[in-house]
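Spelled out, the chains give:
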Amino acid sequence: MNKENLIGQYQRSHYSEHSVDEDCISISSLPERFRGVFTYRNFNAVQSACFETIMQVDHNVVISAPTGSGKTCMMELAICRLYSHSTASQFKTIYFAPTKALCNERTKDWSDKFKPLGIICQELTGDTGYELTRKALTGDIIITTPEKWDSLTRRWEDNEMLIKTIRLLLIDEVHIIHEPKRGQVLEVIISRMQSLISKSCYMEKSRKIDNDRKLRIVAISATVPNVYDIAEWLSNSDGTTASVKTRIFGEEFRPVKLRKEVLGFAASGPFVLDKMLTYKLMENIIQFSAQKPTLINSRTRDSLLAMKNKLEDKLLAGMSINDRQAIEQAFINCTVSVICTTSTLAVGVNLPAHLVIIKGTLSFNNGKSIEYSELDIAQMIGRAGRPQFDNSGVAIIMTENSCVEKYKRLVSGSQTIESSVQKNPSHYQLIGGEIDRQLALICKRELQLLHENQFALWDTEKDIICSTRFIGLMLVFMQEFGQILAKYYIQFETGLVEMCTAKEDGVAARNALSL
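Bear in mind that the values here come from a model prediction, so they are computed numbers and not experimental data. Numbers given to residues run from 1 along each chain, matching the order in which its sequence is written. Totals for whole chains, interfaces and linings use all residues, but because this is a predicted model, local features are given only for residues with pLDDT of at least 70 and pairs of side-chain atoms are given and counted only at 80 or more. Hydrogens and waters are ignored; side-chain quantities use all the structure's heavy atoms.

Here, a salt bridge means any Lys or Arg side-chain nitrogen found within 4 Å of an Asp or Glu carboxyl oxygen. One pass over the full model with this rule turns up 16 salt bridges. Where salt bridges share partners, they join Glu76, Arg106, Asp109 and Lys113 into one cluster.

Right under this line is the structure:
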């Protein structure tokens with residue numbers, strides 16, 4: 001497929017995300033059963049370029065593309081690929097989204113699309129109760145957050161049969177692994193799933209049990225410079241050196257041209273800065289809105305009230321659901337020109353806006369002032385210039401002078417994504433270039449400690465494999481107290497005290513927790 005022709009397709013048709021073009025693949029290329037999943041006749045340029053990689057082979061795939069380029073379709077194609085070769089009840093798909101709001105949105109969308117095919121979608125988040133959790137795990141497509149899946153799979157032996165049925169992992173916004181909290185959890189659960197599948201395959205092969213179990217991973221990312229690092233991380237999902245396909249699309253593939261501005265201001269503190277930014281809002285709206293809908297994101301409701309009084313327009317916070325829906329519809333119809341919303345609401349608001357203004361980059365959490373996460377910034381910016389409604393868009397970040405360069409790197413896609421788990425070697429006192437070997441020595445030291453205190457058994461005569469990538473293949477046998485520590489997340493020091501107390505009192509390990 002000719003890349004220049006594909007780029008030209010976007011340049012010729014800005015308004016439609018799914019414009020018909022001779023270089024784009026028709027929906028008729030899909031098995032007839034799955035054509036109803038897609039509401040358009042042709043895939044767009046990005047989707048067409050990835051079609052063969054996703055639909056014809058089972059490689060892991062990492063796709064980096066701009067907002068609005070139709071990346072969700074890639075995951076839908078991967079689902080079609082899986083269930084075109086198996087029944088829905090035979091294998092499961094796990095979809096990871098960084099927020100509950102996105103999980104809810106995806107569940108509604110995919111339930112409508114896949115339920116007619118007998119493929120059941122279930123939502124599993126922190127809001128899901130115990131009984132509904134059991135029901136969610138029966139779904140063919142489980143839509144969840146990294147945090148919820150982490151809590152579920154830490155006790156993976158309780159869900160071993162579930163783990164064995166998983167064939168497809170879909171990772172939305174994989175670039176959030178760069179974030180300190182969200183990123184750590186996502187990185188851990190993906191590595192855990194790779195390890196569990198590898199361990200299961202290894203054990204079955206050792207018992208001469210034939211299996212064709214392979215875990216496919218499809219990861220979607222915003223535009224970042226080091227996508228190949230993410231691809232390398234995902235290259236061993238089945239315990240082998242399986243190849244991973246990487247597809248990268250630059251800003252020229254964005255269906256709606258988006259102008260991004262980062263404006264810096266000097267102020268003596270966050271409250272003074274907030275008042276200054278409120279004062280500057282109107283001139284930015286006049287300059288950049290082109291008299292089209294504008295969405296303003298601010299950190300607090302009090303700040304929104306100040307903006308509402310200044311702008312004399314609509315406030316989207318503290319409203320009833322009916323009032324909010326009415327305002328949103330009026331915004332779509334352009335009878336309301338400006339909506340002011342908090343950053344929390346903005347993440348769950350999918351409104352078409354020509355201009356998006358992020359008024360300040362700080363938010364308050366538990367009385368502390370913290371910067372927005374990169375995911376929050378990206379989602380707010382992503383509301384500008386939606387393909388179905390506009391042919392251009394503008395996103396403005398208003399921040400203090402010291403943060404300007406940081407946000408310029410972020411919006412340009414030039415900020416390198418690093419591991420949140422291993423990005424701080426100094427915390428573990430790691431020095432020099434042999435970090436893998438030093439991490440292996442840390443693992444050996446901790447295993448030795450567990451062994452000496454009768455929490456675990458392992459062959460201390462064998463030197464640990466000097467690569468953390470293969471540590472999961474070592475055979476470590478947990479003793480009864482060690483199993484209790486792992487299952488109930490008990491700290492080592494606490495477990496040591498409880499074990500000593502239980503032994504002195506002659507209490508069995510399984511009854512120690514009731515003391």
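Should DSSP find at least two bridges between two strands, the strands are taken to pair. Secondary structure elements are taken from DSSP: a helix is a run of H or I of four residues or more, a strand is a run of E of two residues or more, and numbering for both begins at the N terminus. Ordered by their spatial adjacency, seven strands build an open sheet running E3-E4-E2-E5-E6-E1-E7, and the pairing between neighbours is parallel. The two strands at the open ends of the sheet, each matched to only one other strand, are strand E3 (121–124) and strand E7 (244–248). The sheet shows a mean angle of 15 degrees between the axes of neighbouring strands, direction not considered. In the sheet, strand E5 (residues 166–171) pairs with strand E6 (residues 216–221) via four bridges, with the strands oriented parallel. Axes here refer to lines fitted to C-alpha atoms; in helices the fit is confined to the stretch in contact. Angles between the N-to-C directions go from 0 to 180 degrees.

Approximately 35 degrees is the largest bend angle found in helix H10 (residues 270–288), and it occurs at Lys280. Relative accessibility thresholds used throughout: buried, under 20% of the residue-type maximum; exposed, over 50%; partly exposed, between the two (1.4 Å probe, protein chains only). Taken residue by residue, H10 has Leu273, Asp274, Leu277, Thr278, Leu281, Asn284, Ile285 and Phe288 as its buried positions. Directly after H10, the chain includes Ala290, whose backbone phi takes a positive value near 55 degrees. To obtain the bend at a residue, axes are fitted to the seven residues ending there and to the seven starting there, and the angle between these axes is taken.

Below, the discussion takes up the packing of helix H3 (residues 72–83) against helix H4 (residues 100–114). Each pair of packed helices gets described by two things: the angle between the helix axes and the distance between those axes. Viewed as axis vectors pointing N to C, H3 and H4 meet at an angle of 45 degrees, and their least axial separation amounts to 13 Å. Considering their axes alone, H3 and H4 lie oblique with respect to each other. In this structure, H3 crosses over H4, and the sense of that crossing is right-handed. Mapping the contact onto sequence places Thr72, Met75, Glu76, Ile79 and Cys80 in H3 and Arg106, Asp109, Trp110, Lys113 and Phe114 in H4. A per-class count over the contact of H3 with H4 returns five nonpolar, one polar and four charged. Note on angle classes: values under 35 degrees are labelled roughly parallel, values over 145 roughly antiparallel, values of 65 to 115 roughly perpendicular, and the remainder oblique. For a crossing to be left-handed, the near helix must be turned anticlockwise from the far one by less than a right angle; the clockwise case is right-handed. In what follows, residue pairs with any heavy atoms lying within 4.5 Å of each other are defined as contacts. Residue polarity follows a fixed list, in which Ala, Val, Leu, Ile, Met, Phe, Trp, Tyr, Cys and Pro are nonpolar, Asp, Glu, Lys and Arg are charged, and the others, Gly among them, are polar.

This paragraph deals with the side chain of Thr153. When you line up the elements, Thr153 lands in helix H6 (residues 146–153). Since its relative accessible area comes to 3%, Thr153 is described here as buried. Residues adjacent in sequence count toward polar contacts only when both atoms are side-chain atoms; beyond that, a polar contact is any pair of N or O atoms within 3.5 Å, and within protein one must be able to donate a hydrogen and the other to accept it. In terms of polar contacts, Thr153 uses its side chain to reach the backbone carbonyl oxygen of Trp149, at 2.8 Å. Of the polar contacts made by the side chain of Thr153, one reaches the side chain of Arg192; its length is 2.8 Å. For Thr153, the residues in contact, after removing those within four places along its chain, are Ile163, Arg192 and Met193.

With that out of the way, let us pick up the packing of helix H2 (residues 45–55) against H3. At a closest axis distance of 10 Å, the pairing of H2 and H3 adopts a crossing angle of 25 degrees. Relative to H3, the element H2 lies roughly parallel. Here H2 runs over H3; the crossing is right-handed. Seen from H2, the contacting residues are Val46, Gln47, Cys50, Phe51, Ile54 and Met55; seen from H3, they are Cys73, Met74, Leu77, Ala78, Cys80 and Arg81.

Now for the pairing of strand E9 (residues 294–298). Counting buried positions along E9 yields five of five residues, so the element is predominantly enclosed. Residue alternation in E9 divides its side chains into two sets, Thr294, Ile296 and Ser298 and Leu295 and Asn297, and both sets are buried. Pairing of E9 with strand E11 (residues 338–342), which is carried by five bridges, proceeds in the parallel orientation. Bridging across to E11, Asn297 finds its partner in Thr341. In the sheet, E9 pairs with strand E12 (residues 355–359) via four bridges, with the strands oriented parallel. What sits directly across from Leu295, in E12, is Val356.

These figures come from the coordinates and say nothing about function on their own.
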